[in-house]
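A closer look at the structure
Spelled out from the first residue to the last, the chains are:
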Amino acid sequence: MLAQFVYEAGAWEVDGERRELRAHGRAVPIGSRAFEIVEKLARSAGQFVSKEELVAHVWRGAVVEENTIRVHIHAIRKALGPDRTLLNTASGRGYRLLGRWTAKQANDSRADRSIDTQPLRQVVRDSLPAAVSDMIGRGPVLLQLLDLVSAFRMVTLTGPGGIGKTALALELVRTLTGEFDRAVCVVDLSSLADAALVASTVATVLGLNSLGNEVTPDHIARAIGQAKLLLLLDNCEHVIGAAAIVAEAIIQRCPHVSLLATSREVLKIAGEHVFRVPALEIPDPDDQKEHLSRRSAVELFVARTQALDSRFTLSSTNASAVALICRRLDGIPLAIEFAAARAATLGVHQVAAGLRDRFGLLISPRRSALPRHRTLRATLDWSYQLLSDAERAFLRRIAIFAGSFTLDDAAAITETAGAIEWLADLVDKSLVVAEPRGSIPLYKLLDTTRVYALEKLAASGESDAVSRRHAKYYREIFERAEHEFERRATGELLADYAWRINNLRAAIEWGFSETGDSACAVALTAAALPLWMHMSQFEECRRRIEQALAALADTVPAEERHEMRLLSALGTSLMEGGGSVSVAEASWERALLLARSTGNVDYELRSLWGLWLIRDKDALDIARQFSVLATSSTSRMLGDRMMAISHHYRGNQVEARGYLSSPTSSLRMPLPPEYRFMSLERPLMARILWLQGYPEQAAKAAAQAVEEETAYGQVNSLCLALVRGACPVALWIGDLELSRRYIDLLNEQSANHALTRWRHWGRCFQGMLMARQGDVAGGLNFIRAGVGEISAENEWRKMLIFLPEMASMLGRSGRLEDGIAEIELALDRSERTAEGWIRPELRRVKGELLTLRNTPGAKREAETCFQEALEEARAQGALAWELRAAASLARLMRDEGRTTELADILGPIYGRFTEGFTMPDLREARALLDGL
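Here is a short report on the structure shown in this document. Given the structure is predicted, the values throughout are model-derived calculations rather than measurements.

In this section: the overall build of the chain. Along the backbone of the chain there are 44 helices and 14 strands. Of all intrachain contacts in the chain linking residues separated by at least 6 positions in sequence, the fraction that spans at least 24 positions is 68%. Accessible surface computed for the chain: about 38,300 Å², of which carbon and sulfur atoms make up 49%.

Within the fold, Ser-263 resides in strand β11 (residues 257-263). Taking the relative accessible area as the measure of exposure, Ser-263 reaches 0% and is therefore buried. Separated by 3.4 Å, the side chain of Ser-263 and the backbone nitrogen of Glu-237 make a polar contact. Within polar-contact distance, the side chain of Ser-263 engages the backbone oxygen of Glu-265 at 2.4 Å. Setting aside residues up to four positions removed in sequence, Ser-263 forms contacts with Leu-157, Thr-158, Gly-159, Lys-165, Cys-236, Glu-237 and Ile-240.

A positive phi is found at Asn-235, a non-glycine position, where the angle reads about 65 degrees. Counting through the fold element by element, Asn-235 comes out in the loop between β10 (229-234) and α9 (240-253). Positive phi outside glycine occurs at Ala-834, with the angle close to 60 degrees. Relative to the elements of secondary structure, Ala-834 occurs in the loop between α39 (816-833) and α40 (839-850). What makes Ala-834 buried here is its relative accessible area of 14%.

The tally for this structure, following the rule as stated, stands at 19 aromatic pairs. Taking the centre distance of 4.4 Å and the plane angle of 15 degrees together, the rings of Phe-401 and Phe-405 count as stacked. When its relative accessible area of 2% is taken as the criterion, Phe-401 is described as buried. Arranged with centres 6.0 Å apart and planes meeting at 85 degrees, the rings of Trp-588 and Trp-609 form a pair that is edge-to-face. One end of the pair, Trp-588, is in helix α27 (residues 581-598); the other, Trp-609, is in helix α28 (residues 601-614), and 21 residues separate them in sequence. Trp-609 carries the same exposure label as Trp-588, and that label is buried. A network of ring pairs unites the aromatic residues Tyr-649, Trp-690, Trp-732, Trp-837 and Trp-881 as a single cluster.

What follows concerns the pairing of β10. Within β10, six of the six residues are buried, which leaves the element mostly enclosed by the surrounding structure. Sheet analysis places strand β9 (residues 184-188) next to β10, joined by five bridges and oriented parallel. Considered in β10, the bridge of Val-187 is made with Leu-233. The pairing of β10 with β11 spans five bridges and is classified as parallel. Its bridge partner being in β11, Leu-230 is matched across the sheet by Ser-258. Each parallel crossover has a hand, and the one from β10 via α9 to β11 is right-handed.

Here we take up the packing of helix α17 (residues 389-398) against helix α20 (residues 447-460). Running from amino to carboxyl end, α17 crosses α20 at an angle of 105 degrees, the nearest separation of the two axes being 8 Å. The angle between α17 and α20 falls in the class roughly perpendicular. Of the residues in α20, those in contact with Leu-395, Arg-396 and Arg-397 of α17 are Ala-453, Lys-456, Leu-457 and Ser-460. A class-by-class count of the residues in the contact of α17 with α20 yields three nonpolar, one polar and three charged.

This next bit is on the sheet that holds strand β12 (residues 272-276). Here five strands make up an open sheet; going across it, the order is β9-β10-β11-β8-β12 and the pairing parallel. Looking at strand neighbours, the two that pair on one side only are β9 and β12, the edges of this open sheet. Adjacent strand axes in the sheet meet at a mean angle of 15 degrees, parallel and antiparallel pairs treated alike.

It is worth spelling out the pattern of salt bridges at this point. Tallied over the full model, the rule gives 59 salt bridges. A salt bridge links Arg-740 to Glu-737, with the nearest nitrogen and oxygen atoms 2.4 Å apart. Of this pair, Arg-740 and Glu-737 both sit in helix α35 (residues 736-752), three residues apart, which is roughly one turn of the helix. One salt bridge in this structure joins Arg-843 and Glu-868, with 3.7 Å as the shortest N-O distance. In this pair, Arg-843 sits in helix α40 while Glu-868 sits in helix α41 (residues 858-876), placing the two residues 25 residues apart along the sequence. Residue classification places Glu-868 among the partly exposed residues on the basis of a relative accessible area of 33%.

In this section: the nonpolar core. As a rule of thumb, soluble globular proteins bury nonpolar side chains together. Counting residues in hydrophobic clusters, the biggest one holds 242 residues, and the most contacted among them are Phe-301, Ile-398, Phe-478, Phe-765 and Phe-802. Among the elements that take part in this core, helix α34 (residues 715-733) stands out by supplying 13 residues, more than any other. Setting aside its immediate chain neighbours within four residues, Phe-765 contacts Val-723, Cys-727, Pro-728, Leu-731, Ile-743, Leu-746 and Phe-802. The next biggest cluster of nonpolar side chains, apart from the first, holds 37 residues, and it includes Ile-220, Leu-229, Leu-233 and Ile-269.

Here the focus is the pairing of strand β5 (residues 87-90). Summarising the sheet, β5 and strand β6 (residues 94-97) pair through four bridges and their orientation is antiparallel. The partner of Ala-90 across the bridge, within β6, is Gly-94. Connecting β5 to the next strand, β6, in antiparallel fashion are three residues, including Gly-92 with a positive phi near 85 degrees.

Its place among the elements puts Leu-87 in strand β5. Along the chain, Leu-87 and Leu-98 lie 11 residues apart, while their C-alpha atoms are 6.4 Å from each other. When residues no more than four places from it in sequence are discounted, the contact partners of Leu-87 are Leu-41, Ile-73, Ile-76, Arg-77, Leu-80, Tyr-95, Arg-96 and Leu-97.

Considering the arrangement of structural elements, one finds Arg-182 in the loop between α6 (165-176) and β9. Its relative accessible area of 39% is what places Arg-182 among the partly exposed residues. Put simply, Arg-182 and Lys-228 are 46 residues apart on the chain and 9.8 Å apart in space, counted from C-alpha to C-alpha.

Let us now look at helix α16 (residues 376-385). Because each turn of an α-helix spans 3.6 residues, side chains separated by three or four positions in sequence point in the same direction. Along α16, eight of the 10 residues are buried, which leaves the element largely enclosed by surrounding structure. By the burial criterion, the buried members of α16 are Leu-376, Ala-378, Thr-379, Leu-380, Asp-381, Trp-382, Ser-383 and Tyr-384.

Moving on: α41. The end-to-end C-alpha distance of α41 is 27 Å, a good match for the 27 Å that 19 residues give at a rise of 1.5 Å each. Among the residues making up α41, those that are buried are Ala-858, Ala-862, Glu-863, Cys-865, Phe-866, Ala-869, Leu-870, Glu-872, Ala-873 and Gln-876. Looking at the packing, one finds that the buried side of α41 touches α31 (653-660), α40, α42 (879-895) and α43 (899-911).

How each quantity is defined
- The residue count restarts for each chain, going from 1 along the sequence in the order it is written.
- This being a predicted model, a pLDDT of at least 70 is required before a residue's local features are given, and a value of 80 or more before pairs of side-chain atoms are given or counted; all residues contribute to the totals for chains, interfaces and linings.
- Each side-chain value is derived from all of the structure's non-hydrogen atoms; neither hydrogens nor water enter the calculation.
- In this description a helix means any DSSP run of H or I spanning at least four residues, a strand means any run of E spanning at least two, and both kinds are numbered starting from the N terminus.
- The contact criterion used throughout is that any non-hydrogen atoms of two residues lie within 4.5 Å.
- Per-residue and other accessible areas were derived by the Shrake-Rupley procedure at a 1.4 Å probe size, with only the shown protein chains allowed to occlude residues.
- Between buried and exposed lies partly exposed: a residue is buried under 20% and exposed over 50% of the maximum accessible area for its type, with that area taken using a 1.4 Å probe on protein chains only.
- Polar contact criterion, stated in full: a pair of N or O atoms within 3.5 Å, where within protein one must be able to donate a hydrogen and the other to accept it, and residues adjacent in sequence count only if both atoms are side-chain atoms.
- Here the aromatic set is Phe, Tyr and Trp, taking the six-membered ring for Trp, and pairing holds for ring centres within 6.5 Å; pairs whose planes are under 30 degrees apart are stacked, those over 60 apart are edge-to-face, and all others are tilted.
- Each pair of strands is called paired provided DSSP finds at least two bridges between the two strands.
- Here is how to tell: hold the view so the strands point away, follow the path from the first strand over the helix to the second, and if it runs clockwise the crossover is right-handed.
- For helices, the fitted line uses only the C-alpha atoms of the stretch in contact; every axis is such a line through C-alpha atoms, and the angle between N-to-C directions lies from 0 to 180 degrees.
- Should an angle fall under 35 degrees it is taken as roughly parallel, and over 145 as roughly antiparallel, whereas 65 to 115 is taken as roughly perpendicular and any remaining angle as oblique.
- Residue type decides the class: Asp, Glu, Lys and Arg count as charged, Ala, Val, Leu, Ile, Met, Phe, Trp, Tyr, Cys and Pro as nonpolar, and the leftover types, Gly among them, as polar.
- By salt bridge we mean one thing: a side-chain nitrogen of Lys or Arg within 4 Å of a carboxyl oxygen of Asp or Glu.
- Here, nonpolar core refers to any group of buried Ala, Val, Leu, Ile, Met, Phe, Trp, Tyr and Cys residues whose side-chain atoms link them within 4.5 Å.
- A helix's residues, less one, multiplied by 1.5 Å, set its expected span.

Rendered as structure tokens:
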């Protein structure tokens, strides 16, 4: 191997003796395999070297993952620093070093002298403890570390107490012992009370007794010299400065040494690569038991519990408690082992219930455990005591954050100008977790660290003051953001604000507590209403509103502005989340009264909109009132939509389509979240197009609506697009595969976001689909269950679409009289709710059921129903209903031999269609005509 290569400009030198890259007055050590890659690329004179060639040169016959190559390339680029572009990558071709690199002869004169490595091989037997238990859930992490050690000569494993740094490092050393010819050494610094003893401790463990009493890092480095060695400095955080000096001296002067360190704080030396040890994988809240057992945190808990109680198994009765324990303990192995020890004696449910007092509950079962690892509190005490007074105060105050926070958030709550330095220090010391998120870094405390710091905050006497600042701060954030919630798309808003939801909840909880500020909590609830709406969290929104209204009731005089906003939002949350219609109506009536008394036109419009949703009989009059008040382009557009929907459901399809064709109807504009579904022009247009006899255009409009709402990101709007347009249209045109996809999407979204109202609709549509696929009995069960759930909630608004389907299924199932009774009820409801659009289909289905009766006059009564359905459909401009009624009448006439009348009725209606001839209704009509 040639010892050195020099870049043509003289800026860079690759030193094979020291395995360093040197330039700009700095020397950067790299690992042995990373160096071999550099050597191979330097020899290739600027030509590309493929991945396969690099693997063959560096790993010689081994199978190497793509990620391993990337780790080493990253190490080289990191070493090159500002000149990282010298290492060029081309997809599919490989890597190359740009420019000309010239080999030069190495200088064999060496000032350093190596120690005999035989003592180092002997030391391993004394300094490397044997493994006492299996590593659980750490296989992927160990593979990452193996790659890092071969790419970087200095790797620091860092993380909070109990995360498993030492266990991982020791397992890594055991794995690498053969590669270093058993020249490995473990130096445990945990027992040192004096940082001045670090160098002598390292020398003693290395067997360098001949160095004398005054050992310095330089002495150690000169003694090691060219020896090949893997050195682990374990538990450095309390002697971090001295440990860093020793590590840096060894890395700079000993080219064949790879050095590992474990520390809650990074060493911050040249050439150091920091590996933040991750927690074990914790369960998701919706994990099933089979998946739960594969989460590494659960796997560790079960294994350690079974070691103390062989009868323990993960079962359906304890799975949720085990999952909760692992989540609440953040997947930290030491804490999970403590919890497992307690579970073996107290039971899993007792441990889960006792986690509020986790510091008293969770202790180590091992007598030999280090003092700082004997209790969960001791683990955190160790880190806390290493902080300065200012850092401790800062940590206590940021514990008020119940979720992620920014640097600005921390500075505001702690009221300090030094936030940036202290936050960075706490990240380095593994007490705060950094979460990269686009251009704005977020930070958080692990749950156990936060509980500990909150105890310290309470003991300091600052808790109320910090909580007040926290609540006031978030009130200001959401009050400033209110105008954004009416202007920006849901996806953008959620990206900027949804991650603040836990802090919002914490601030409200404090505000409504005995020591809190209820006025602040009410104002914060009112300001945050749009966020819950955009997140479709209607149930939580309702609970918070009721809490705020109760607090307002105790205030004299009540804040009418807040009350009006809360009442309006309560109505929306009840309607969208499947709550009481009567309570929603009362809320909007009171909000309307307050809006008119205070002259607030915006909330007068919102209240009218809410009442319009409920009062079907008066919907058209309310829509007219809304339109009269509307002055802005947004409110005029909403007024046109309300008029269109009202006319559509009354059965005035021509008038409805006219309002959808108005200048404002096609606007797609940001809206207050409670109005969001009113932007859904396409679903309504899809329904009208189908009714008017344009099935292909209807299907296209419905598909565009789903596509738009999926991209827009507002779940409730997407569900409405599916319910009002896509699902019914797909079923009406007979595309069963498309119907299945839409229904599956509706069921998935409504279940994921607890939108019970739309879940009922999904069940009904599922029943319709099953019946069309031939499973009439199964479909009937589904549709009856869905209709029953809606009936139990007294929510009949615009639900009559399912009743002719259900009545028809009852008749086909042999329950003819039940089917006729359902149709009679539906016709009555359509009168009471002014849903005239569905009456032609209700009359037609009633006629179909009557044809099945073996009673005198039944056929004539059925014919009357078909004729009434025809006349009403024609009056509405509903060609699709007209075709269905005509086909039903034609079948009756055919069976009676009245073929001439059949052709005269059905032929002209069929002839008015210009598209959709593959639709089942049109195919059936064509077959009837062809059969004459």
